[in-house]
Amino acid sequence: MGYVKPKRWALKENKLFPHQVGFTAPPQDFDAAPSDFLRIAPETVGVHGRMLHLPGYTHQLSQRSESFHLLEEFVECMANNGADVCGQVGTNWVHASGTTPEEIRAICERLSETYETPFHMAGYCLVEGLRALGAEKIALNSVYYWPEWRDGIARFLGQAGFDLVYVANFVDLGLYDDQQEVNAKTWIFPGEIAVESMQRIAELAPNVDAYVVNGMPNFRRADGLPRRMVSLECDLEQMVGKPIVSSDSALYWRIFKTLGVAPTTRQGRLLSTLS
């Protein structure tokens, strides 16, 4: 007998929120996605998070490949808890096992159908968001990604049919001397790095339809509070004159689209397509 989602969740009077979202993220990272998502969501939306538990996790692609099956456990758990949609944070999971965009699409579709709960992966949401904007020629700001990660997501986007005009991480762009210096930042960078990296990408690849920012980089504002790309995209898009599709904004866009609701705050080009 196959999985059956508890029938009580079909009744709105049994739910805490009209729209319930489940998030998961890589181990050993306190994830900002649930907080960021709630800051821009209508008050009818509630969020529940569940970390993947991998003792000894060291951010290796092989570890993500070996633990890929835990994503199904996450979706089943969230379905049992009454989630209306599930979102997976962590762009690298889509390519860590050498999977293609079509294979990831099929995996998301299978889990969504099996557990009667739509499931979206951040890495594949980049593909969906770019397609929704009609983008074909793109440049990739691979931010803090070390070479193996950078090359993996570039391969994945190329397999999705996009023409990658330029690909670079912070070291490639000359913002840091080496990858060790980048890694020591623990995913949090000075606010000016967001501006400088996008300026350099735009100068090196001006003739594109959109700029892509993978991963979940954080940039400190003047008071020290880190912010991710979803909070910066409006201003950065005005600066570069093109849409910016980041992993966080693409994931949130896909979740909002599934729920049939829209952000309540000013957003970048992709999230602004929602009504």
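Fair warning: this is a prediction, and the values are worked out from it, not measured in the lab.

What counts as what
Residues numbered from 1 in each chain as written. Predicted model: local features only at pLDDT ≥ 70, side-chain atom pairs only at ≥ 80, totals over all residues. Heavy atoms only, no water. Helix = DSSP H or I, 4+ residues; strand = E, 2+ residues; numbered from the N terminus. Rg over C-alpha atoms; globule rule 2.2 N^0.38 Å. Contact = heavy atoms within 4.5 Å. Areas by Shrake-Rupley, 256 points an atom, 1.4 Å probe, with all protein chains shown as cover. Lys, Arg positive; Asp, Glu negative; His and termini not counted. Charge placed at Lys NZ, Arg CZ, Asp CG, Glu CD. Phe/Tyr/Trp six-rings, centres within 6.5 Å; stacked < 30°, edge-to-face > 60°. Buried < 20%, exposed > 50% of the residue type's maximum accessible area, 1.4 Å probe, protein only. Axes fitted to C-alpha atoms, helices over the stretch in contact; angles between N-to-C directions. Parallel < 35°, antiparallel > 145°, perpendicular 65-115°, else oblique. Left-handed = near helix turned anticlockwise from the far one by under 90°. Nonpolar A, V, L, I, M, F, W, Y, C, P; charged D, E, K, R; others polar. Salt bridge = Lys/Arg side-chain N within 4 Å of Asp/Glu carboxyl O. Polar contact = N/O pair within 3.5 Å; in protein donor to acceptor, adjacent residues only side chain to side chain. Pairing = 2+ DSSP bridges.

Visitor: Would you mind showing me how to read the overall build of the chain here?
Guide: Counting secondary structure elements, the chain contains ten helices and eleven strands. Over its C-alpha atoms the chain spans a radius of gyration of 18 Å, differing by no more than 12% from the 19 Å that the globule rule assigns to 275 residues. Sequence-distant contacts, at least 24 apart, represent 75% of the contacts inside the chain between residues at least 6 apart. Split by element, the accessible area of the chain, about 12100 Å² in all, is 50% carbon and sulfur. One finds the centroid of the 25 positive side-chain charges in the chain at a distance of 5 Å from the centroid of its 33 negative side-chain charges.

Visitor: How should I be thinking about the packing of aromatic side chains in this particular structure?
Guide: One pair of aromatic rings is described through two measures. These are the centre distance and the angle between the planes. Under the criterion given, the structure shown has 17 aromatic pairs. Both rings, one in Phe-23 and one in Phe-37, keep their centres 5.5 Å apart while their planes meet at 65°; by these two values the pair is edge-to-face. Of this pair, Phe-23 sits in strand 1 (residues 19-24) while Phe-37 sits in helix 1 (residues 33-40); the two residues are 14 residues apart in sequence, bridging distant segments of the chain. The pair Phe-23 / Phe-37 is uniform in exposure class, with both members buried. The rings of Tyr-144, Tyr-145, Trp-146, Trp-149, Phe-170, Tyr-176, Trp-187, Phe-189 and Phe-219 are connected pair by pair, giving a single aromatic cluster.

Visitor: How do you make sense of the packing of helix 1 against helix 10 (residues 247-259) when you look at a structure like this?
Guide: Two quantities define a packed helix pair, namely the angle between the helix axes and the distance between the axes. At a minimum axis distance of 11 Å, the contact between helix 1 and helix 10 shows a crossing angle of 55°. The angle between the axes of helix 1 and helix 10 places the two elements in the oblique class. Viewed along their axes, helix 1 and helix 10 form a crossing whose handedness is right-handed. Here Ala-33, Asp-36, Phe-37 and Ile-40 of helix 1 lie close against helix 10, whose contacting residues are Tyr-252, Ile-255 and Phe-256. Tallied by class, residues from the contact of helix 1 with helix 10 come to six nonpolar, no polar and one charged.

Visitor: Sorry if this is basic, but what is going on with the pattern of salt bridges here?
Guide: A side chain of one charge can pair with a side chain of the opposite charge if their charged atoms are brought near each other. What the rule picks out here adds up to twelve salt bridges. Ionic pairing is found between Arg-228 and Asp-31, a salt bridge with its closest N-O pair at 3.2 Å. Of this pair, Arg-228 sits in the loop between strand 10 (226-227) and helix 9 (233-240) while Asp-31 sits in the loop between strand 1 and helix 1, placing them 197 residues apart in sequence.

Visitor: What should I look at first to understand helix 3 (residues 70-80) in this one?
Guide: For an α-helix, the turn length of 3.6 residues means that residues three or four places apart are oriented alike. Where helix 3 is concerned, the buried positions are Leu-70, Leu-71, Phe-74, Val-75, Met-78 and Ala-79. Residue Gly-82 follows helix 3 closely and has a positive phi angle near 95°.

Visitor: Explain the environment of Asn-141 to me, please; I cannot follow it from the model alone.
Guide: Relative to the helices and strands, Asn-141 is located in strand 5 (residues 137-141). The buried category is assigned to Asn-141, whose relative accessible area is 2%. A sequence separation of 114 residues divides Asn-141 from Pro-27, and the C-alpha atoms of the two residues are 24 Å apart. If near-sequence neighbours (up to four positions away) are discounted, Asn-141 is found in contact with Ala-168, Phe-170, Leu-173, Ser-197, Met-198, Ile-201, Val-212, Val-213 and Asn-214. In terms of polar contacts, Asn-141 uses its side chain to reach the backbone amide nitrogen of Val-143, at 3.2 Å.

Visitor: Please clarify how the sheet that holds strand 4 (residues 119-121) should be interpreted in this entry.
Guide: In any sheet, the strands associate via hydrogen bonds between backbone groups, in a parallel or an antiparallel arrangement. The strand order across the open sheet built from four strands is 2-1-3-4, with neighbouring strands paired in parallel fashion. Each edge of the open sheet is held by one strand with a lone partner, namely strand 2 (45-49) and strand 4. Strand after strand, the sheet turns through a mean of 25° between neighbouring axes, direction not considered. As paired elements, strand 3 (residues 85-88) and strand 4 share three bridges and run parallel to each other. For Gly-87, the partnering residue across the bridge sits in strand 4 and is His-120. Its contacts with the sheet place helix 1 against strand 1 and strand 2, and it is angled at close to 180° to strand 2. Contacts from helix 3 reach strand 1, strand 2, strand 3 and strand 4, with the element oriented near 155° to strand 1.

Visitor: Would you take a moment to explain unusual backbone geometry for this structure?
Guide: For residues besides glycine, phi is generally negative; the peptide bonds are generally trans as well. Backbone geometry places Gln-28, a non-glycine residue, at a positive phi of 65°. Along the chain, Gln-28 falls in the loop between strand 1 and helix 1. According to the relative accessible area criterion, Gln-28 is exposed, its value standing at 54%. In this structure, Trp-187 takes a positive phi of about 70° despite not being glycine. Along the chain, Trp-187 falls in the loop between helix 7 (179-183) and strand 7 (188-190). The exposure class assigned to Trp-187 is buried, which follows from its relative accessible area of 17%.

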